[in-house]
Amino acid sequence: MSGGDGTLALIGAGRMGSALAAGWLAKTRGGVAPDKLVFVDPQLAGRAAELAETYGIRHVSELDAETAKGVDRVVLAVKPGLVGETLDALAGRLPDDALVISVAAGVPLKSFDKRLAGRPVVRAMPNTPAAIGKGVTVCVANEAADDTAIRDKATKLLKAGGQVEWVDDERLLGAVTGVSGSGPAYVFLFCEALAAAGEAEGLPRDLAERLAVATVSGAGAMLEAGDGDARELRRMVTSPGGTTQAGLDALMAGSGLPSLVRNAVSAAERRSRQLGNESE
Ligand SMILES: NC(=O)c1ccc[n+]([C@@H]2O[C@H](COP(=O)([O-])OP(=O)(O)OC[C@H]3O[C@@H](n4cnc5c(N)ncnc54)[C@H](OP(=O)(O)O)[C@@H]3O)[C@@H](O)[C@H]2O)c1
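So, how was this worked out
- Residues numbered from 1 in each chain as written.
- Predicted model: local features only at pLDDT ≥ 70, side-chain atom pairs only at ≥ 80, totals over all residues.
- Heavy atoms only, no water.
- Helix = DSSP H or I, 4+ residues; strand = E, 2+ residues; numbered from the N terminus.
- Rg over C-alpha atoms; globule rule 2.2 N^0.38 Å.
- Contact = heavy atoms within 4.5 Å.
- Areas by Shrake-Rupley, 256 points an atom, 1.4 Å probe, with all protein chains shown as cover.
- Lys, Arg positive; Asp, Glu negative; His and termini not counted.
- Charge placed at Lys NZ, Arg CZ, Asp CG, Glu CD.
- Patch = residues over 30% accessible without salt bridge, like charges linked within 9 Å, V, L, I, M, F, W, Y side chains within 5 Å.
- Salt bridge = Lys/Arg side-chain N within 4 Å of Asp/Glu carboxyl O.
- UniProt positions renumbered as here; feature names shortened; annotations may be inferred.
- Near = heavy atom within 4 Å.
- Polar contact = N/O pair within 3.5 Å; in protein donor to acceptor, adjacent residues only side chain to side chain.
- Nonpolar A, V, L, I, M, F, W, Y, C, P; charged D, E, K, R; others polar.
- Buried < 20%, exposed > 50% of the residue type's maximum accessible area, 1.4 Å probe, protein only.

Examining the overall build of the chain
Within the chain, the regular secondary structure consists of 12 helices and eight strands. Its C-alpha radius of gyration of 21 Å places the chain within 12% of the 19 Å reference for a compact globule of 280 residues. Judged by the C-alpha coordinates and their principal axes, the chain covers about 70 × 40 × 30 Å. Considering only contacts in the chain between residues 6 or more positions apart, those separated by 24 or more positions represent 63%. Accessible area for the chain stands at about 15,000 Å²; split by element, carbon and sulfur atoms hold 55% of it. Separation between the mean location of the 30 positive side-chain charges and that of the 35 negative ones in the chain comes to 1 Å.

Structure follows, in structure tokens:
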């Protein structure tokens, strides 16, 4: 079970919020009872609407004072620019010891401390593979949440989505966002590009797509199996003077793929800091 006898309020049941909720509702992972979860979102759409329909989750457009009284955990998954106003509307309603977990990119703990005076807050950066229990979330706690029992409570909840890591230095969350928060999109782009390249070489489109998906997921599964790190596994595919070497040489031409990835992570990290400043 994900701990806590009170209600878990998901504020912002969009793409990331619904990915997390899918994990909480999975019996084998989250085990959150549907009647202990409330979706707070102006209009429920997409995956969240499906989950609400399937599990009979309560949906409200804003957290009313009566419902708020029973809330012991809040997961805030609105856009970074909406965090301030959402907290202002919440602050007076939440019980003093309610744990607030924010997944908003860039929004610093001090924004929460300013508005939620003394409440335990965990800033977390998950990713969308959480929907199938294959995500990774990195967390940092404010002073009020810097307590083993509170951290355990947050870990239990976020573990429904996959691995959970903690850091003590909040500044690292920007780099985390650039690597694992945004990272699935880089991998999906690579998969799209691999399929398009196969099609350009004459493969039927659907076959090229199946090959690209199987290749990305097979390579990911090998990494996860831990029979070698990425560098070793790459070397196992690369026969000297063979086809893979020719392909890798092309990927390294010019500034090369590592440099492009470095720029991508750095740009995402920078954007995370900007989002934090804009949310003040
Ligand atoms: N997507 C990811 O991969 C990912 C990963 C890690 C962290 N995050 C973070 O997660 C947060 C949400 O991102 P997202 O991609 O899930 O965005 P999203 O799909 O747009 O979801 C945000 C949801 O919040 C709703 N909302 C707006 N105002 C609200 C309010 N006052 N109260 C309650 N709900 C409200 C939105 O409704 P409307 O659409 O009707 O406005 C929408 O359903 C962001 O802060 C982002 O930085 C996202």
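Next comes the rest of the write-up.
Section: a nonpolar patch on the surface
Together, Leu-251, Met-252, Leu-257, Leu-260 and Val-261 give the surface a local cluster of nonpolar side chains, amounting to about 430 Å² of exposed area. Among the elements that make up the nonpolar patch, the one with the highest residue count is helix H12 (residues 256-278) (three residues). Examined against the element boundaries, Leu-251 turns out to sit in helix H11 (residues 243-252).

Digging into the environment of Pro-129
By secondary structure assignment, the location of Pro-129 is in the loop between strand E6 (121-125) and strand E7 (135-141). Separated by 15 residues in the primary sequence, Pro-129 and Lys-114 place their C-alpha atoms 32 Å from one another. With sequence-adjacent residues up to four places away left out, Pro-129 is seen in contact with Lys-134, Gly-135, Gly-161 and Pro-184.

Examining the UniProt feature "domain: Pyrroline-5-carboxylate reductase dimerisation" (unreviewed entry) in the chain
Here, UniProt's "domain: Pyrroline-5-carboxylate reductase dimerisation" (unreviewed entry) annotation points to residues 170-275. Strand forms 0% of residues 170-275 and helix 81%; the C-alpha atoms that close the span are 15 Å apart.

Some words on the site of the ligand
Around the ligand, 21 residues are found, and the nearest of them are Arg-15, Met-16, Asp-41, Val-78 and Ala-105. Measuring from an oxygen atom of the ligand, one finds a backbone N or O atom of Arg-15 at 2.9 Å. One of the backbone N or O atoms of Met-16 is found 2.7 Å from an oxygen atom in the ligand. A class-by-class count of the residues in the shell around the ligand yields 13 nonpolar, five polar and three charged.

Considerations on the environment of Glu-192
Note that Glu-192 resides in helix H8 (residues 183-200). For the pair Glu-192 and Gly-92, spaced 100 residues apart in sequence, the C-alpha separation works out to 47 Å.

Regarding the UniProt feature "binding site: NADP(+)" (unreviewed entry) in the chain
Residues given the UniProt feature "binding site: NADP(+)" (unreviewed entry) here are Ile-11, Gly-12, Ala-13, Gly-14, Arg-15, Met-16, Ala-77, Val-78, Lys-79 and Pro-80. What stands out for the annotated residues spanning 70 residues is how close their C-alpha atoms remain, the widest pair being 13.9 Å apart. Residue position: Ile-11 is located in strand E1 (residues 7-11). A residue is classified by how much of its surface remains accessible, and Ile-11, at 5% relative accessible area, is buried. When neighbours within four sequence positions are excluded, Ile-11 is seen to be in contact with Val-40, Val-74, Val-75, Leu-76, Ala-77, Val-78, Thr-86 and Leu-90. Its place among the elements puts Val-78 in the loop between strand E4 (71-76) and helix H4 (83-90). The contacts of Val-78, once residues within four sequence positions are left out, are Ile-11, Gly-12, Val-83, Thr-86 and Ala-104.

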